[in-house]
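Chain residues, written in single-letter form:
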Amino acid sequence: MTNIFHCARHTRVGVAYRGGVTPIDPGIAREFLEALIAGFSVLGGIMAYFSGLEAYRALARNEAPSAVAHSINEGISNGFEIGMPMASLALMIMGWT
């Protein structure tokens, strides 16, 4: 069993990685995570809006369930195309403030 962990006790590993870790300010990490969450929230909201809109339109036309499912998938893809630039913008705004 000790042979498996031989590399963990290697003397040169400590020399190579000593002092190589960059300290991270917790405040900056929190702001980055908040910006990331805001960007994904915008993207998810826009995708949900467009999928719901397309589902409503398909159900209002009394389409078959497979056609409704296809309309929902199209709405999700349209929401992604429109929402991705807006999510990037939200990420940039949250990152700069």
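This text goes with the structure placed above it.
Since this is a predicted model, take the numbers as computed values, not measurements. (Residues numbered from 1 in each chain as written. Predicted model: local features only at pLDDT ≥ 70, side-chain atom pairs only at ≥ 80, totals over all residues. Heavy atoms only, no water.)

Draft legend 1. Quick peek at the packing of helix α2 (residues 26-60) against helix α3 (residues 65-96). At a minimum axis separation of 6 Å, α2 and α3 run at an interaxial angle of 155°. Between α2 and α3, the angle falls in the class roughly antiparallel. Considering only the axes of α2 and α3, their crossing is right-handed. (Axes fitted to C-alpha atoms, helices over the stretch in contact; angles between N-to-C directions. Helix = DSSP H or I, 4+ residues; strand = E, 2+ residues; numbered from the N terminus. Parallel < 35°, antiparallel > 145°, perpendicular 65-115°, else oblique. Left-handed = near helix turned anticlockwise from the far one by under 90°.)

Draft legend 2. Highlighting the side chain of E54. If you trace the backbone, E54 turns up in helix α2. Given a relative accessible area of 16%, E54 falls into the buried group. Sequence-distant contacts of E54, defined by excluding residues within four places in its chain, comprise S71 and G75. (Buried < 20%, exposed > 50% of the residue type's maximum accessible area, 1.4 Å probe, protein only. Contact = heavy atoms within 4.5 Å.)

Draft legend 3. Structural detail: a nonpolar patch on the surface. Residues L89, M92, I93 and W96 make up a contiguous nonpolar surface patch of roughly 470 Å² in combined accessible area. In this structure, M92 sits in helix α3. By relative accessible area, which is 38% here, M92 ends up partly exposed. (Patch = residues over 30% accessible without salt bridge, like charges linked within 9 Å, V, L, I, M, F, W, Y side chains within 5 Å. Areas by Shrake-Rupley, 256 points an atom, 1.4 Å probe, with all protein chains shown as cover. Salt bridge = Lys/Arg side-chain N within 4 Å of Asp/Glu carboxyl O.)

Draft legend 4. Summary view of the side chain of S71. Here S71 is to be found in helix α3. The exposure class of S71 is buried, given its relative accessible area of 10%. Setting aside residues no more than four positions away along its own chain, S71 makes contact with E54, A58, R61 and E63.

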